[in-house]
Amino acid sequence: MGLDEGTAARLAEARLAEWRRLGYAEWRSLLDDKELRQVVDQDGQRYSVVSYALDDGDGRVRMSVAVDDGGWSAFVPLVRGEIMKPDGTFLG
């Protein structure tokens, strides 16, 4: 059985929603940090949720979240992201 992409997307979006409540200074302070959360969803499946911040150039910060279920999806996880500009607005 493969990755439940609906569940993985929901977990990734929930993590990004936490970040969207933070300001630009907080995003900058997270640069080069990685966080791993092990989440057991309602379906009983364990998911790894890896989140990290990268400098995207010109002062932008890219937040990325990768979700996998520990199987083959660990090689190609579902990835979602957001980019914040220095003025606190989101790109795209």
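Residues numbered from 1 in each chain as written. Predicted model: local features only at pLDDT ≥ 70, side-chain atom pairs only at ≥ 80, totals over all residues. Heavy atoms only, no water.

Participant: Can you tell me about the nonpolar core, naming the residues and giving the values?
Facilitator: Among the nonpolar cores identified, the biggest contains 18 residues, and Trp19, Trp27, Met63, Val65, Val67 and Leu78 are the most heavily contacted of them. Mapped by element, the contributors of at least two residues to this core are helix H1 (5-20), strand E2 (46-57), strand E3 (60-68) and strand E4 (78-84). Counting residues per element, this core draws most heavily on H1, at 6 residues. Discounting residues that sit within four places of it in the chain, Trp27 has contacts with Trp19, Arg20, Leu22, Ala53, Val61, Met63, Glu82, Ile83, Met84 and Phe90. (Core = buried A, V, L, I, M, F, W, Y, C linked by side-chain atoms within 4.5 Å. Buried < 20%, exposed > 50% of the residue type's maximum accessible area, 1.4 Å probe, protein only. Helix = DSSP H or I, 4+ residues; strand = E, 2+ residues; numbered from the N terminus. Contact = heavy atoms within 4.5 Å.)

Participant: How would you sum up the pairing of strand E1 (residues 34-40)? Please name residues and give values.
Facilitator: Examined bridge by bridge, E1 and E2 share 7 bridges and lie antiparallel to one another. Bridged to Lys34 within E2 is Tyr52. Linkage of E1 to E2, two consecutive antiparallel strands, is achieved through a turn of 5 residues, within which Gly44 is found at a positive phi near 85°. (Pairing = 2+ DSSP bridges.)

Participant: Can you tell me about the environment of Gly59, naming the residues and giving the values?
Facilitator: Along the chain, Gly59 falls in the loop between E2 and E3. Looking at Gly59, the relative accessible area reads 23%, which means it is partly exposed. In this structure, the C-alpha to C-alpha distance between Gly59 and Pro77, residues 18 residues apart in sequence, is 27 Å. Among all residues touching Gly59, those that are not within four sequence positions of it are Tyr24, Arg28, Met84 and Pro86.

Participant: Explain the pattern of salt bridges to me, using residue names and the numbers behind them.
Facilitator: What the rule picks out here adds up to 11 salt bridges. Glu18 serves as the salt-bridge partner of Arg37, at 3.1 Å between the closest nitrogen and oxygen. With a gap of 19 residues between them, Arg37 in strand E1 and Glu18 in helix H1 connect regions that are remote in the sequence. Overall, the relative accessible area of 30% leaves Arg37 in the partly exposed class. Classification of Glu18 by relative accessible area gives partly exposed; the value is 28%. (Salt bridge = Lys/Arg side-chain N within 4 Å of Asp/Glu carboxyl O.)

Participant: So what's going on with the sheet that holds E2? Which residues, and what values?
Facilitator: Within the open sheet, the 4 strands sit side by side as E1-E2-E3-E4. Their pairing is antiparallel. Lying at the two open borders of the sheet, with one neighbouring strand each, are E1 and E4. Here the strands of the sheet are splayed against their neighbours by 20° on average, with no regard to which way each runs. Seen against the sheet, H1 touches E1, E2, E3 and E4 and runs at an angle of roughly 20° to E4. (Axes fitted to C-alpha atoms, helices over the stretch in contact; angles between N-to-C directions.)

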